[in-house]
Amino acid sequence: MILDKIHTEKMFLYYSEKVALKDISIKIPEKRVTAFIGPSGCGKSTFLRSLNRMNDLIDGVKIEGKVMIDNINIYDKNIDVVNLRKKVGMVFQKSNPFAKSIYENIAYGPKINGINDKKQLEEIVETALKNAAIWDEVKDRLGDSALGLSGGQQQRLCIARTLAVNPEIVLMDEPASALDPLSTSKIEELIVQLKEHYTIVIVTHNMQQAARISDNTAFFYLGELIEYDKTKTIFTNPSKKQTEDYITGRFG
Amino acid sequence: MINSIRKNIKGIAIEGITLISAIIIIVIVIVMLLVIFIGGKDHLTWEFLTSFPTEGMTKGGIFPALYGTALLVIIMSIAAVPFGTITAIYLTEYAKENSIIAKTIRFAVRTLAVIPSIIYGLFGLGFFIKFVGAHIDGAFFGGELRWGQPNLLWASLTMSLLTLPVVIVSVEEALKTVPQDLRAASLALGATKWQTIRKVVLPGSISGIMTGTILAVSRGAGEVAPILFTGAAYYLATLPGLSDQFMVLGYHIYVLTTQSANVDQTLPIQFGTTCVLLLLTFTLNMSAVILRYRIRKKKNR
Amino acid sequence: MTKKNKVKSSKAQGSDSQPSDLIDITRKRFRVGDFLAEKIIKGVALLSITIIVLIFFFVFREAFPIFNTSKEVKKSPTELAKQDTQETYGAVTDVDSKGTGQETYGAVADTLVKKDKTPAKGTYTVNAGSGTDDNKSALNTMLTKDWVPVSDKPRYGILSLIIGTFKITLISMLFAAPLAILAALYTAEFANKKMKEIIKPTIELLAGFPSVVIGFFALMVLATFLQNIFHYSTRLNSFVGGIAMGIAAIPIIFTITEDALTAVPRSFNEASLALGASKWQTAFFVILPAATPGIFAAILLGIGRVFGETMIALMATGNAALMDLNPFESVRTLAATIGAEMAEVVFGDTHYNVLFLIGSLLFVFTFILNAIAEFYVKGKLMKRIQGK
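Cut-offs and rules
Residues numbered from 1 in each chain as written. Chains lettered and ligands numbered in written order. Predicted model: local features only at pLDDT ≥ 70, side-chain atom pairs only at ≥ 80, totals over all residues. Heavy atoms only, no water. Helix = DSSP H or I, 4+ residues; strand = E, 2+ residues; numbered from the N terminus. Rg over C-alpha atoms; globule rule 2.2 N^0.38 Å. Buried < 20%, exposed > 50% of the residue type's maximum accessible area, 1.4 Å probe, protein only. Contact = heavy atoms within 4.5 Å. Buried area = accessible area lost by both parts, 1.4 Å probe. Salt bridge = Lys/Arg side-chain N within 4 Å of Asp/Glu carboxyl O. Polar contact = N/O pair within 3.5 Å; in protein donor to acceptor, adjacent residues only side chain to side chain. Axes fitted to C-alpha atoms, helices over the stretch in contact; angles between N-to-C directions. Parallel < 35°, antiparallel > 145°, perpendicular 65-115°, else oblique. Left-handed = near helix turned anticlockwise from the far one by under 90°. Pairing = 2+ DSSP bridges. Phe/Tyr/Trp six-rings, centres within 6.5 Å; stacked < 30°, edge-to-face > 60°. Lys NZ or Arg CZ within 6 Å of the ring centre and 35° of its normal. Patch = residues over 30% accessible without salt bridge, like charges linked within 9 Å, V, L, I, M, F, W, Y side chains within 5 Å. Areas by Shrake-Rupley, 256 points an atom, 1.4 Å probe, with all protein chains shown as cover. pLDDT = per-residue confidence, 0-100. Core = buried A, V, L, I, M, F, W, Y, C linked by side-chain atoms within 4.5 Å. Expected span 1.5 Å × (residues − 1). Nonpolar A, V, L, I, M, F, W, Y, C, P; charged D, E, K, R; others polar.

**Focus: the overall build of chain A**
Per the secondary structure count, chain A includes 10 helices and 10 strands. Taking 18 Å as the expected radius of gyration for a compact globule of 252 residues, we find that chain A reaches 18 Å, a close match to that expectation. With the C-alpha coordinates aligned to their principal axes, the bounding extent of chain A is approximately 55 × 45 × 40 Å. The buried share among the 252 residues of chain A stands at 57%.

**As for the overall build of chain B**
A count of helical and extended segments in chain B gives 11 helices and 2 strands. Along chain B, from the amino end to the carboxyl end, the secondary structure elements read α-α-β-β-α-α-α-α-α-α-α-α-α. For chain B, the spread of C-alpha atoms along the three principal axes comes to 70 × 65 × 35 Å. In chain B, which comprises 301 residues, the proportion classed as buried is 56%. When contacts within chain B are restricted to residue pairs at least 6 apart in sequence, long-range pairs at least 24 apart make up 73% of them.

**Looking at the interface of chain B and chain C**
Listed by partner, the interface residues are 84 residues for chain B and 84 residues for chain C. Regarding the contact of chain B and chain C, the summed buried area is about 7500 Å², with carbon and sulfur atoms giving 82% of it. Looking at the side of chain B facing chain C, the largest losses of area belong to Ile 25, Met 32 and Phe 107 of chain B, adding up to 9% of the total buried there. If you look at where chain B meets chain C, you find 3 salt bridges. One salt bridge in this structure joins Glu 374 of chain C and Arg 110 of chain B, with 2.6 Å as the shortest N-O distance. At the boundary of chain B with chain C, the tally comes to 7 residue pairs in polar contact (both at pLDDT 80 or more). Secondary-structure elements contributing two or more residues to the side of chain B that touches chain C are helix 1 (2-40), helix 3 (63-94), helix 4 (100-114), helix 5 (117-140), helix 6 (152-177), helix 8 (193-201), helix 10 (249-259) and helix 11 (267-300) of chain B. With 20 residues, the top contributor of residues to the side of chain B that touches chain C is helix 1 of chain B.

**Points about the packing of helix 7 (residues 180-188) of chain B against helix 8 of chain B**
All names here are of chain B. Interhelical geometry of helix 7 versus helix 8 gives an angle of 130 degrees and a closest axis separation of 10 Å. The pairing of helix 7 with helix 8 is recorded here as oblique in orientation. Of the two possible hands of crossing, helix 7 and helix 8 adopt the one that is right-handed. Across from Leu 182, Arg 183, Ser 186 and Leu 187 in helix 7, the residues of helix 8 making contact are Lys 193, Thr 196, Val 200 and Val 201.

**Side note on the pairing of strand 6 (residues 88-91) of chain A**
Residues and elements named next belong to chain A. Burial along strand 6 is two-sided: Val 88 and Met 90 and Gly 89 and Val 91, pointing in opposite directions, are all buried. Here strand 6 runs beside strand 7 (residues 169-173); their pairing, made up of 4 bridges, is parallel. Considered in strand 7, the bridge of Met 90 is made with Leu 171.

**Thoughts on the packing of aromatic side chains**
Counted by the stated rule, this structure contains 38 aromatic pairs over all chains. Ring centres of Phe 107 of chain B and Phe 375 of chain C lie 5.1 Å apart, and the angle between their planes is 40 degrees; on these two criteria the pair is classed as tilted. With one member in each of two chains, Phe 107 of chain B in helix 4 and Phe 375 of chain C in helix 16 (residues 350-386) form a pair that bridges those chains. Ring centres of Phe 56 of chain C and Phe 60 of chain C lie 5.6 Å apart, and the angle between their planes is 5 degrees; this geometry places the pair in the stacked category. One end of the pair is Phe 56 of chain C and the other is Phe 60 of chain C, both in helix 1 (residues 32-63) and 4 residues apart, which spans about a single turn. Overall, Phe 56 of chain C belongs to the partly exposed group, its relative accessible area being 25%. By relative accessible area, Phe 60 of chain C is classed as partly exposed at 34%. Feature note: the residues Phe 123, Phe 127, Phe 128, Phe 131, Trp 147 and Trp 154 of chain B together with Phe 57 and Phe 58 of chain C constitute an aromatic cluster, connected by ring pairs. Across the ring face of Tyr 14 of chain A, the terminal group of Lys 62 of chain A is positioned such that the distance to the ring centre comes to 5.4 Å. Stacked on the ring of Phe 98 of chain A, the Lys or Arg Arg 161 of chain A has its end atom at 4.5 Å from the ring centre.

**Structural notes on a nonpolar patch on the surface**
Residue and element names in this part refer to chain B. A contiguous nonpolar surface patch, about 500 Å² in accessible area, is contributed by Ile 30, Leu 34, Phe 37, Ile 38, Leu 44 and Leu 279. At 4 residues, helix 1 tops the list of elements feeding residues into the nonpolar patch. Structurally, the position occupied by Leu 34 is in helix 1. Owing to a relative accessible area of 46%, Leu 34 belongs among the partly exposed residues under this scheme.

**Quick word on unusual backbone geometry**
Residue and element names in this part refer to chain A. Unlike most non-glycine residues, Lys 10 shows phi in positive territory, near 45 degrees. In this structure, Ser 16 is a non-glycine residue whose phi angle is positive, near 45 degrees. Within the secondary structure, Ser 16 is located in the loop between strand 1 (4-15) and strand 2 (18-29).

**Side note on the confidence of the model for chain B**
Per-residue pLDDT for chain B has a mean of 89; in total, 96% of the residues score no lower than 70. Mean pLDDT across the elements of chain B ranges from a minimum in strand 2 (residues 59-60) of chain B, with 78, to a maximum in helix 3 of chain B, with 95.

**Concerning the nonpolar core**
Membership of the largest hydrophobic core comes to 191 residues, with the highest contact counts inside it found for Ile 55 and Met 342 of chain C. With 15 residues, the top contributor of residues to this core is helix 7 (residues 159-190) of chain C. Counting 45 residues, the second-largest nonpolar core is a separate cluster that includes Ile 102, Ala 132, Leu 157 and Tyr 198 of chain A.

**A few points about the environment of Arg 85 of chain A**
Along the polypeptide, Arg 85 of chain A turns up in helix 2 (residues 81-87). Arg 85 of chain A sits in the buried class, given a relative accessible area of 6%. Here the alpha-carbon distance between Arg 85 of chain A and Ile 124 of chain A, two residues 39 residues apart in the chain, equals 19 Å. In this structure, Arg 85 of chain A is in contact with Asn 52, Arg 53, Met 54, Asp 56 and Leu 57 of chain A together with Leu 187, Ala 188, Leu 189 and Gly 190 of chain B, ignoring residues within four places of it in sequence. Within polar-contact distance, the side chain of Arg 85 of chain A engages the backbone oxygen of Arg 53 of chain A at 2.7 Å.

**Things to note about the pattern of salt bridges**
Counted by the stated rule, this structure contains 31 salt bridges over all chains. Among the ionic pairs, Arg 106 of chain B bridges to Glu 97 of chain B, the shortest N-O distance being 3.9 Å. Take Arg 106 of chain B: its relative accessible area is 15%, and that puts it in the buried class. With relative accessibility at 49%, the residue Glu 97 of chain B sits in the partly exposed group. Here the residues in one salt-bridge network are Lys 5, Glu 30, Asp 70, Lys 87 and Glu 168 of chain A, joined through shared partners.

**Concerning helix 6 (residues 151-163) of chain A**
Residue and element names in this part refer to chain A. Spanning 13 residues, helix 6 covers 19 Å between terminal C-alpha atoms, matching the ideal 18 Å at 1.5 Å per step. The buried fraction of helix 6 amounts to 12 of the 13 residues, a majority that puts the element mostly inside the structure. Among all positions of helix 6, only Gly 152, Gln 153, Gln 154, Gln 155, Arg 156, Leu 157, Cys 158, Ile 159, Ala 160, Arg 161, Thr 162 and Leu 163 are buried.

**Let's talk about the environment of Thr 187 of chain C**
Residue and element names in this part refer to chain C. Its place among the elements puts Thr 187 in helix 7. A C-alpha to C-alpha distance of 20 Å links Thr 187 and Leu 174, two positions 13 residues apart in sequence. In contact with Thr 187, other than residues within four places in its own chain, are Lys 196, Ile 199, Lys 200, Phe 254 and Glu 258.

**Observations concerning helix 4 (residues 118-131) of chain A**
Residues and elements named next belong to chain A. Compared with the 20 Å implied by 1.5 Å per residue over 14 residues, the 20 Å span of helix 4 between its first and last C-alpha is a close match. Looking only at helix 4, the buried set comprises Gln 120, Leu 121, Ile 124, Val 125, Thr 127, Ala 128, Leu 129 and Asn 131. Where helix 4 is buried, its residues contact helix 3 (102-112), helix 5 (135-138), helix 6 and helix 7 (181-194). Positive backbone phi, approximately 55 degrees, marks Ala 133, located one or two places after helix 4.

**A short note on the packing of helix 5 of chain B against helix 1 of chain C**
Where helix 5 of chain B contacts helix 1 of chain C, the two axes come as close as 9 Å, and the packing angle between them is 80 degrees. Between helix 5 of chain B and helix 1 of chain C, the angle falls in the class roughly perpendicular. Residues Ile 119, Tyr 120, Leu 122, Phe 123, Gly 126, Phe 127, Lys 130 and Phe 131 of chain B of helix 5 of chain B touch helix 1 of chain C, and the partners they reach there are Leu 54, Ile 55, Phe 58, Val 59, Arg 61 and Glu 62 of chain C. Of the residues belonging to the contact of helix 5 of chain B with helix 1 of chain C, the class tally is 10 nonpolar, 1 polar and 3 charged.

Set out below in structure tokens:
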């Protein structure tokens, strides 16, 4: 049986009194890849960022309704946001490695969690890099600066960094939009492999990408969730006109 | 036709005036550098730098003044750099840009930067010496005059107040060059705000903190007005401790040029000392300019 | 190749010191480190405000006793006797303040040396002892032109000091403001990249010149140079001091003006050029007016810089408290008076209080200048540029 890892009910997001997300109700299943698609400015990234409360960093953002993860409303006033973000990791659009060594980048999260044992750290780093399919490329230069890696490698490093914290959910905000096709396909493969252990939510501009890697797809338009269904259904037999227009490339 | 030529001439003349203004400023700077350097270059010897003044300060070196200047800027930095850095961290990382408290702090910092340095001297006298020092003497030394008088510590602390805005402004600029992405990445990994600042933001702005420190040191090494009556001494035969008055380069120049009985006799030493001070601040400022240039380049990348 | 890498759960690896199943998000954890860090950082940040308040408080506090004239203290005969012995000393200062010496800096030095030799303590004790009595006369003499603080009948007329300060400020601004503003206009509007890379670091270097070095330059070189041109008799005078202070103020005026000029939107520029105006017309009739509030702020802060400048005033102005509008006469500024006399007074006597009162004046004046530059000018600049 597939559990719903995340679900929202009648969620509204206001940005300085302006409605940015309207009445979003969605159920995202565990250990599946769920893709959010839609034209830019439709609110899909904003929605993604509200799933680990990264929007808290922006002044004037207000959220109404329920955002539940494991049946806990993460906007409850008692929620520990720091721990929430350990549970719900995030990979950003632009790769953003720290100006530290490859090793230190991965070890950053575990160290913050109080793991200081050198052997244990090495193990975590190795596992995370292997899981992110970049181990073979960097295993001989873990001490080198992460900024020396190529764009695609940097992004996989950032994925590894997220995995090293051992999250349950990984949110990805257009992780391959700035990459070349080869790196993109590597990341896509990786995402498919990762769903064995993680619930993955990915925002993408690229409809082919959504079609290739996701199990479910949600289409956002002007701050509203227009349609949400099995990816196959969305791309072959959408029920809403707007969805069809979008995936057939009539706008966006 | 004639009209347009006339217009052109006027344009060239006006642009020329602005250019000449710029050149005059550059010439002033070059002349000052040259005059002082040529006048003092013969004194740039190891001996001059490492020996005590002799024969009523008409001969000998400037070692105690150099030593005092070094101690002054070190103690000053120990006080000003951490406080300045922390203030900058508050302004960029914690305070909301438009909150009243942030605006007030920024106004205070800019005010600190424009208060005449002599006022700092008065404050150092009124606060550190006559209030803090006098109370320390009263409480621990039975009223015996020990800290309630001008000394190195009070002068350094006075100077640290003066240089505080220099540090704050430089560090703030550097903190702003740390990309927002990196803060987000750290927070998304479950780091707390303070962990993020400590492990990502601060390491990323080390060069800015360095720039601020260098600029502060340069400023502190050259200022005289704040220490005129908070600790600077005319002449000392021994090297100072924290509770002693001390000799310092800038004050030494002032004393030699205006307060000594035989100004002409000490002329070479005056030029030598000024040249040393100018080279010191010049080198420090140059390195700060270069460092800051690099930071800005990094930001624009 | 990457396909072979099967994803292994790190949970299954035994590296699970904190498996996420155990992460409790439902209870807000109290993190002592973060809590303390934030409180301490905020506390330290508030220090800047505290310092301003403390400066206000302590500078005024030391000036305050001057207003305390209620209590009459009788002078003891011994003090009166001591006073008599000091007659000559007061006279010496009088001579000094009239600045009759040709080589004024030499004369000042001589006086100071004499000061050292004179058993000056007597005067100070008198002043200290006769506290409140002096205060009354001090206040009464405040608005006269005689600044004779060390004498048996001390007179603290700060009028000549104020006039002197304004005179020198005016001279320095007449010299520095046009130069710095025009140079900034050149840098912002006409200069190519290479010239910019020469001018800007030069200005930064000039900003880094210690004022005692500029003072030294003025005293040793500039004074003689200008005397050879203008043939005035008093070598150190308000003209020399004003020029030297102008040099010190150039970086401030330049930097702020240039910032204001570059803050003018490029669209202004383009619109003007599109209407057929030439580059210089645009610079002069469009950019410069749009940046006026900023330039005004630059001049205000330049004035603040000169007004409080101490070392240059001490070294290059001749230091005679004269009421004279002739720019080639010696002058004594408020700041220089504090700098020269504070080290010589007895803590707590009337002269000391008066010097602090002068300091309070300086402080209030620069504070107001800065506040105007900050609030009034910035608001206006914003309005003009954004057209609100």
